[in-house]
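Remarks on the overall topology
In case you want the letters, here they are:
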Amino acid sequence: MSETTPQPPHAPHLGGPAPHPGPPHPGPPLLATPVPGPPAPQLTGPGFSQPVAPPATPVQQPVPVPHPPAADHPAAPQPQHLTPQHLTPQHLTPQPPTPETPTPQTAAPQPATEAPRTLQYRFDGPEGAPVLVIGPSLGTTWHMWDRQIPELTQHWRVFRYDLPGHGGAPAHAAPSVAELADRLIATLDGLGVQRFGYAGCSIGGAVGADLALRHPHRVASLALVASSPRFGTADEFRQRGVIVRTNGLEPMARTAPERWFTPGFAAAQPAIVEWAVQMVRTTDPGCYIAACEALAAFDIRDHLGRIGVPTLVLVGAEDQVTGPAEARTLVAGIPDARLALVPGASHLAPVEQPAAVCDLLLTHFSTAWQDAPAAVPAAPLVPGPATPAAPFAPLAEIAPAPDAPEAVGPQRESRHERGVKVRREVLGDAHVDAVNASADPFTEDFQELVTRYEWGEAWSRDGLDRRTRSCVTLTALVASGHLEGLAAHTRAALRNGLTPAEIKEVLLQTAVYCGIPAAGAAFAIAQSVIQEETTPPA
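Quick look at the structure, then. Fair warning: this is a prediction, and the values are worked out from it, not measured in the lab.

Here's the deal with the overall build of the chain
The helix and strand inventory of the chain stands at 18 helices and 9 strands. Taking the intrachain contacts of the chain between residues at least 6 apart in sequence as the baseline, contacts between residues at least 24 apart amount to 79%. Accessible area of the chain: about 23,200 Å², with a carbon and sulfur share of 58%.

Some words on the pairing of strand 6 (residues 196-201)
Strand 6 sits mainly inside the fold: 6 of its 6 residues count as buried. Across the two faces of strand 6 the burial is the same, with Phe196, Tyr198 and Gly200 and Gly197, Ala199 and Cys201 all buried. In the sheet, strand 4 (residues 131-135) pairs with strand 6 via 5 bridges, with the strands oriented parallel. Of the residues in strand 6, the one forming a bridge with isoleucine 134 is alanine 199. In this sheet, strand 7 (residues 219-225) lies alongside strand 6 in parallel orientation, the contact comprising 6 bridges.

Looking at a nonpolar patch on the surface
Among the surface-exposed residues, Phe446, Leu449 and Tyr453 lie close enough to one another that they form a single nonpolar patch of about 310 Å² accessible area. With respect to the helices and strands, leucine 449 occurs in helix 14 (residues 444-455).

Details of empty space enclosed by the protein
All chains considered together, the criterion is met by 3 cavities of 30 Å³ or more. What the largest cavity holds in volume is close to 140 Å³. In terms of lining residues, the largest cavity is bounded by 14 residues, among which Leu138, Ser202, Arg240, Trp260 and His347 are the most central. Taken together, the elements giving at least two residues each to the lining of the largest cavity come down to helix 4 (234-247), helix 5 (250-260) and helix 8 (285-297). By volume, the second largest cavity is sized at about 60 Å³.

A look at helix 13 (residues 429-438)
Among all positions in helix 13, only Asp429, Val432 and Val435 are buried. All buried residues of helix 13 lie within an arc of 135° about the axis, which places them on one face of the element. What points out from helix 13, more than 90 degrees from its buried face, is the exposed set Ala430, Ala437 and Ser438.

What to know about the packing of aromatic side chains
Aromatic ring pairs are defined here through the distance separating the ring centres and the angle between the ring planes. Applying the stated criterion across every chain, the model contains 10 aromatic pairs. Between phenylalanine 261 and phenylalanine 265, the aromatic rings sit 5.2 Å apart at their centres with planes inclined by 40°, giving tilted as the arrangement. We classify phenylalanine 265 as buried; its relative accessible area is 2%.

What to know about the nonpolar core
Note on soluble globular proteins: their nonpolar side chains tend to be buried together. Among the nonpolar cores identified, the biggest contains 98 residues, and Phe159, Tyr161, Leu184 and Phe196 are the most heavily contacted of them. With residues up to four places along the chain from it excluded, the contact list for tyrosine 161 reads Leu119, Gln120, Tyr121, Val133, Ile134, Gly135, Pro136, Trp142, Leu184, Tyr198, Gly204 and Val207. The next biggest cluster of nonpolar side chains, apart from the first, holds 15 residues, and it includes Leu483, Val506, Leu507 and Ile530.

Structural notes on the side chain of arginine 423
Note on placement: arginine 423 falls in helix 12 (residues 415-427). Buried within the structure, arginine 423 lacks any salt-bridge partner; its nearest side chain of opposite charge belongs to glutamate 454, at an N-O separation of 6.0 Å.

Side note on the pairing of strand 8 (residues 311-316)
One face of the sheet, then the other: side chains in a regular strand alternate in exactly this way. In terms of residue burial, strand 8 counts as a mostly covered element, since 6 of its 6 residues are buried. Here strand 8 shows a buried face lined by Thr311, Val313 and Val315 and a second buried face lined by Leu312, Leu314 and Gly316. The pairing of strand 7 with strand 8 spans 4 bridges and is classified as parallel. The residue bridging leucine 222 from the neighbouring strand is threonine 311, located in strand 8. In the sheet, strand 8 pairs with strand 9 (residues 337-342) via 6 bridges, with the strands oriented parallel. Bridge pairing links valine 313 to leucine 339 in strand 9. Since strand 8 and strand 9 lie parallel, the crossover through helix 9 (residues 324-333) that links them has a hand, and here it is right-handed.

Brief notes about the packing of helix 12 against helix 13
Look at helix 12 against helix 13: their axes get within 6 Å of each other, and the N-to-C directions meet at 120°. Relative to helix 13, helix 12 is oriented oblique. For the pair helix 12 and helix 13, contact is made by Arg423, Arg424 and Leu427 and by Asp429, His431, Val432, Asp433, Val435 and Asn436, respectively. When the residues that make up the contact of helix 12 with helix 13 are grouped by side-chain class, the tally is 3 nonpolar, 2 polar and 4 charged.

With respect to the pattern of salt bridges
Pairs can form between side chains of opposite charge whenever their charged atoms are close. Scanning the entire structure with this criterion turns up 23 salt bridges. Of the charged contacts in the structure, one is a salt bridge between aspartate 336 and arginine 338, with a shortest N-O distance of 3.0 Å. Via salt bridges that share partners, Asp235, Arg491, Arg495, Glu532 and Glu533 belong to a single interconnected network.

Considerations on the environment of serine 438
Within the secondary structure layout, serine 438 lies in helix 13. With relative accessibility at 54%, the residue serine 438 sits in the exposed group. Polar side-chain contacts of serine 438 include one of 2.9 Å to the backbone oxygen of valine 435.

What counts, and where the lines are drawn
Residues numbered from 1 in each chain as written. Predicted model: local features only at pLDDT ≥ 70, side-chain atom pairs only at ≥ 80, totals over all residues. Heavy atoms only, no water. Helix = DSSP H or I, 4+ residues; strand = E, 2+ residues; numbered from the N terminus. Contact = heavy atoms within 4.5 Å. Areas by Shrake-Rupley, 256 points an atom, 1.4 Å probe, with all protein chains shown as cover. Buried < 20%, exposed > 50% of the residue type's maximum accessible area, 1.4 Å probe, protein only. Pairing = 2+ DSSP bridges. Patch = residues over 30% accessible without salt bridge, like charges linked within 9 Å, V, L, I, M, F, W, Y side chains within 5 Å. Salt bridge = Lys/Arg side-chain N within 4 Å of Asp/Glu carboxyl O. 1 Å grid on protein atoms, 1.4 Å probe; cavity = no way out; pocket = protein on both sides within 12 Å on 5 of 7 lines; lining within 4 Å. Points joined across faces, edges and corners; volume = space filled by probe spheres on them. Arc of directions from axis to C-beta. Phe/Tyr/Trp six-rings, centres within 6.5 Å; stacked < 30°, edge-to-face > 60°. Core = buried A, V, L, I, M, F, W, Y, C linked by side-chain atoms within 4.5 Å. Lys, Arg positive; Asp, Glu negative; His and termini not counted. Right-handed = clockwise from strand over helix to strand, strands pointing away. Axes fitted to C-alpha atoms, helices over the stretch in contact; angles between N-to-C directions. Parallel < 35°, antiparallel > 145°, perpendicular 65-115°, else oblique. Nonpolar A, V, L, I, M, F, W, Y, C, P; charged D, E, K, R; others polar. Polar contact = N/O pair within 3.5 Å; in protein donor to acceptor, adjacent residues only side chain to side chain.

This is a description of form; function is not addressed.
As structure tokens, then:
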């Protein structure tokens, strides 16, 4: 049985399941050519009593793609669950909604003046089974998990959701991972789901980790797929937001296959590559940018020791986005965590090696499901040294984490700490690191003053948003002639949400009130920075 988020006109029970009205967005196409995979992963360690023997080839065998029915023949009934064998080429390009296939809405419609508190979702599997929640990666839809659904629904009632603005979901951006987790909890509350297992990929994994930290009584078991306690650097994701704000999603769509798949898989499966590109292209840009900001701010390295549920950390051996090193950091910090390394897979391991990922999830959730919440330490942990990377053999390995360091009590954020945080968020880690590296005993007190009062006070006030503060700062720098700071604050303005067109308008305004020569010099500096910051990677 399969259900999606109900529509207000057709659902007599708002906030609850409704019959599946048809696929709201396309799933992955068939594997046209099987890709020979390495040996299947063997599972060992606590909680895994015996090895699992998945099929010899992790990738599914090819299934002929059905052609659309001819006009003079009746169409086959629409399947309740859209699996790869049901897909046709028409699913590669998202179709506009029609009265027969309505666009899914949020689970509990809100008045137009209120921020949405729920997510677009679907259910698959028997109603009486335990609930397993599955979260997607940035730029994907719930269909990235299609190939795991037939097996998982034999044991669980699977709940999948879309990120805001993804897969046709309403484009109500979520500014943080915690906000995404709150919306998910609100959706599950409306459906009467109190306790569940959770598996999530990338940002979906971040949502699961946040749930395990802030709602530990709700999570029975956890799987973090291609995830990390901190995703790259904040600069990387804010830069990505600047590029999307300026150029749209085409640069991200064009480079998605090389981030998500191994070269061999991408070359052998052009249909899946095109499906991935189309998923990104049809995402709402504002929601994509908000998700990048959420990942830029996400950092739970100091809190991993508080995750008290059994956790599987699953990563593709060739993942260049959140690879084995990040996975080992998770395993080292989470008390009851095991590592599974999937050979022949990159970032979207559930798509690239579906059978291997499915077997790992089946084994984990079948053997490591807590019927009652476990005791969780109340205080965050001091992070230990990073575990050095070690050579990897081509099979999945699962191992318990080392002993966690002693916990210390949380401390109130000081003005200096707040200033450091805001300064890095606005100017970027690279700029702040360079300033700190150049400081010496003669200048360090001045940098302390700047951090505490400029960033810990003025920039931290609630009276103006950061976009407005950037407009004021650019104007003040031009008016005062202090153009040496204009390049850094032009970058900051882009990261704070100003577009190049808006920066141009600010500088045009300064030409009237501050003088043509000053504005001309400012335009030259800003033009160079904007070209550098908004040019997509080759």
